[in-house]
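So the chains spell out like this:
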Amino acid sequence: MNKLLNKTGLAPMFALLLANCGVNNVVIEGQFPTPNISKMPVSVAVYYDQALRDFAYLEYTETGSEEFNIESGASHMELFNSITPAMFEQVIFVESMEEAQTAGVDAIFAPAIEEFQLALPAKTKLDVYEVWIKYNMRLLTVQGDYIADWVVTSYGKSPTETFRTVEGAINDAAVVALRDLASTFSLSFGDVPEVRDWLKQQ
Amino acid sequence: MNPYPVFAEGYYKFCLLIALSVIASCTSTTVDEFRQGETGITSDETVVVLGRRQASDYETRSEFIDCVGEKMGRGDNALNIIPEQEFIDAMFPWFEPRTAPLRTQDLAKLMAEDVVADKMGEFGIRYIVWVDGFTETSGRTGSISCTVGPGGAGCFGFGTWEDDSNFDARIWDVGSFTNVGTINTDASGQSYLPALVIPIPLIARVEANACSRLADQLKGFVKGS
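Residues numbered from 1 in each chain as written. Chains lettered and ligands numbered in written order. Predicted model: local features only at pLDDT ≥ 70, side-chain atom pairs only at ≥ 80, totals over all residues. Heavy atoms only, no water.

A. Highlighting the overall build of chain B. When you go through chain B residue by residue, the secondary structure sums to six helices and six strands. Listing the helices and strands of chain B from first to last along the sequence gives α-β-β-α-β-α-α-α-β-β-β-α. The buried share of chain B, taken over its 225 residues, is 42%. Taking the contacts inside chain B whose residues are at least 6 apart along the sequence as the reference set, 72% of them involve residues at least 24 apart. Summed over all atoms, the accessible surface of chain B reaches about 11800 Å², with 56% contributed by carbon and sulfur. (Helix = DSSP H or I, 4+ residues; strand = E, 2+ residues; numbered from the N terminus. Buried < 20%, exposed > 50% of the residue type's maximum accessible area, 1.4 Å probe, protein only. Contact = heavy atoms within 4.5 Å. Areas by Shrake-Rupley, 256 points an atom, 1.4 Å probe, with all protein chains shown as cover.)

This is the structure we're talking about:
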């Protein structure tokens, strides 16, 4: 239908009709499989700060009004809940850093989202929706000192499709980006120099 | 003398409309096959068709991959096909866009991982078919205007466009870690949208034809015929 609307020139009419209808809320939802990788022989406490739990990104139109509010905090937590038990021998999820410090683990893992970008076909003139996310991965000792602090970026895209809403396409692109994060993070974790040195000491 | 002139006139109009639809929906498809190695498959072996998603400006649509897999799995010479998403999820994170093997040498390295080799063995994968391509629309011309009034609504105008699908399929033999062949499918067709009160879409089924032809060719290729 989208293609038909574009081809017949009716898309701008619908776009005009839908303009100024307010911000569209998109809550990212997806399924994240458990990685098939070998577990590292360490115990890790996973802590999500409030900024990650409530993470939302606002996309603005070219005129500066709010267009999309993308909420991805819950899906990020779901993703890390799925991948960390497959990466480490023992994983506990904690509500605070204090709880982590008394949990008797080898390290605390605290991911943070630094940046989120969205590219829409209407702006890029490409037939794909794109999502780009930059993370700050932090691995800490139980005392709170840094073992490693590194940046991971993830990227996802989804093509424009017939009978698919913009919200659905954004969700699909974000889920691809989250899967990209999971694959990059789980496969490269042991290659981060500081993490590699720390793992050798365990 | 025709005893049913009204019926005859209606009949001819109907035939004209059908003929117009057929002409309008005409799609030309070209399939090129390049074989680099012997192929063959046993009844307990399977094939997985995967889409390449590394390009920055387009994406091989999963619907097209599903279509090719579905058509390869039914009819004469049907093969055991593993659905793309089921395979990618089971192999996670090794076949994601950033981590998927781009060359057969990368597949050999990947198979050195026990978890990957075990999963491949569970599925009984003999061939991996990598499909890369997209459908491009060009030559959009014409315009249609629609009006709504107290007496009713209607559209008037004419629109036309051309769709061109180009898909490459590379067949990897998982047993020997070699590329055993490449099949290229190129399909194009012109679509029309005349509107006389109501729009009548005469759509060329370009991607559907590309899917059908590619699936048939792949079936024959894998069987070694």
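B. Layout of the pattern of salt bridges. Overall, the coordinates contain 19 salt bridges over all chains when judged by the stated rule. Its salt-bridge partner being Glu95 of chain A, residue Arg53 of chain A comes within 3.5 Å of it at the nearest N-O pair. Pair noted here: Arg53 of chain A is in helix α3 (residues 50-53) and Glu95 of chain A is in the loop between β5 (88-94) and α5 (97-101), with a separation of 42 residues, a long-range link. Looking at Arg53 of chain A, the relative accessible area reads 21%, which means it is partly exposed. A relative accessible area of 58% places Glu95 of chain A in the exposed class. For Arg98 of chain B, the salt bridge is made with Asp180 of chain A, and the minimal N-O distance between the two is 2.6 Å. Note that Arg98 of chain B is positioned in the loop between α3 (84-90) and α4 (104-110) and Asp180 of chain A in helix α7 (residues 166-188), a pairing that runs across two chains. Exposure remark for Asp180 of chain A: the relative accessible area of 6% places this residue in the buried category. Through salt bridges with shared partners, a single ionic network connects Lys157 of chain A together with Arg53, Glu59 and Glu84 of chain B. (Salt bridge = Lys/Arg side-chain N within 4 Å of Asp/Glu carboxyl O.)

C. Just the nonpolar core, in detail. Membership of the largest hydrophobic core comes to 73 residues, with the highest contact counts inside it found for Leu139, Trp150 and Phe185 of chain A together with Phe87, Phe95, Met120 and Ile128 of chain B. Discounting residues that sit within four places of it in the chain, Phe95 of chain B has contacts with Leu50, Phe87, Ile88, Ala100, Pro101, Leu107, Leu110, Met120, Ile128 and Trp130 of chain B. Core analysis: the next-biggest nonpolar cluster, separate from the first, contains 26 residues, Val68, Met72, Ala169 and Ala204 of chain B among them. (Core = buried A, V, L, I, M, F, W, Y, C linked by side-chain atoms within 4.5 Å.)

D. Unusual backbone geometry, seen in detail. Cis geometry marks the peptide bond from Phe92 of chain B to Pro93 of chain B; its omega dihedral reads 10°. With respect to the helices and strands, Pro93 of chain B occurs in the loop between α3 and α4. Residue Lys125 of chain A is not a glycine yet carries a positive backbone phi of 65°. Considering the arrangement of structural elements, one finds Lys125 of chain A in the loop between α6 (121-124) and β7 (128-140). Take Lys125 of chain A: its relative accessible area is 69%, and that puts it in the exposed class. Positive phi, close to 55°, is recorded for Phe177 of chain B, a residue that is not glycine. Mapped onto the secondary structure, Phe177 of chain B falls in the loop between β5 (152-173) and β6 (178-199). Judged by its relative accessible area of 29%, Phe177 of chain B is partly exposed.

E. Looking closely at the sheet that holds strand β4 (residues 125-149) of chain B. Residues and elements named next belong to chain B. Strand order in the open sheet formed by six strands is β1-β6-β5-β4-β2-β3, with mixed pairing between adjacent strands. Edge strands, defined here as strands with exactly one partner in the open sheet, are β1 (27-35) and β3 (81-82). Taken strand by strand, helix α2 (residues 62-72) contacts β2 (46-51), β3, β4 and β5, and its axis lies near 160° from that of β2. (Pairing = 2+ DSSP bridges. Axes fitted to C-alpha atoms, helices over the stretch in contact; angles between N-to-C directions.)

F. Layout of the packing of helix α4 (residues 73-87) of chain A against α7 of chain A. All names here are of chain A. In contact at an axis separation of 11 Å, α4 and α7 are set at 30° when each is read in the N-to-C sense. If you check the angle between α4 and α7, you find them roughly parallel. When the axes of α4 and α7 are compared, the crossing they make is right-handed. In this structure, α4 uses Ser75, His76, Leu79, Phe80, Ile83 and Met87 to contact α7, whose residues at the interface are Leu178, Leu181, Ala182, Phe185 and Ser186. Class assignment for the residues of the contact of α4 with α7 results in eight nonpolar, three polar and no charged. (Parallel < 35°, antiparallel > 145°, perpendicular 65-115°, else oblique. Left-handed = near helix turned anticlockwise from the far one by under 90°. Nonpolar A, V, L, I, M, F, W, Y, C, P; charged D, E, K, R; others polar.)

G. View of the layout of surface pockets. There is about 830 Å³ of room inside the second largest pocket. Lining the second largest pocket are 36 residues, with Lys157 and Val176 of chain A together with Arg53, Glu59 and Gln85 of chain B sitting closest to its centre. Elements represented by at least two residues in the lining of the second largest pocket include exactly β8 (146-159) and α7 of chain A together with β2, α2 and α3 of chain B. A class-by-class count of the residues in the lining of the second largest pocket yields twelve nonpolar, ten polar and 14 charged. (1 Å grid on protein atoms, 1.4 Å probe; cavity = no way out; pocket = protein on both sides within 12 Å on 5 of 7 lines; lining within 4 Å. Points joined across faces, edges and corners; volume = space filled by probe spheres on them.)

H. Spotlight on the state of the cysteines. Residue and element names in this part refer to chain B. Enumeration according to the criterion identifies two disulfides over all chains in this entry. Between the sulfur of Cys146 and that of Cys155 lies a disulfide, 2.1 Å long from S to S. Residues Cys146 and Cys155 are joined through a disulfide that is right-handed, its torsion about the S-S bond being 105°. (Disulfide = S-S within 2.5 Å.)

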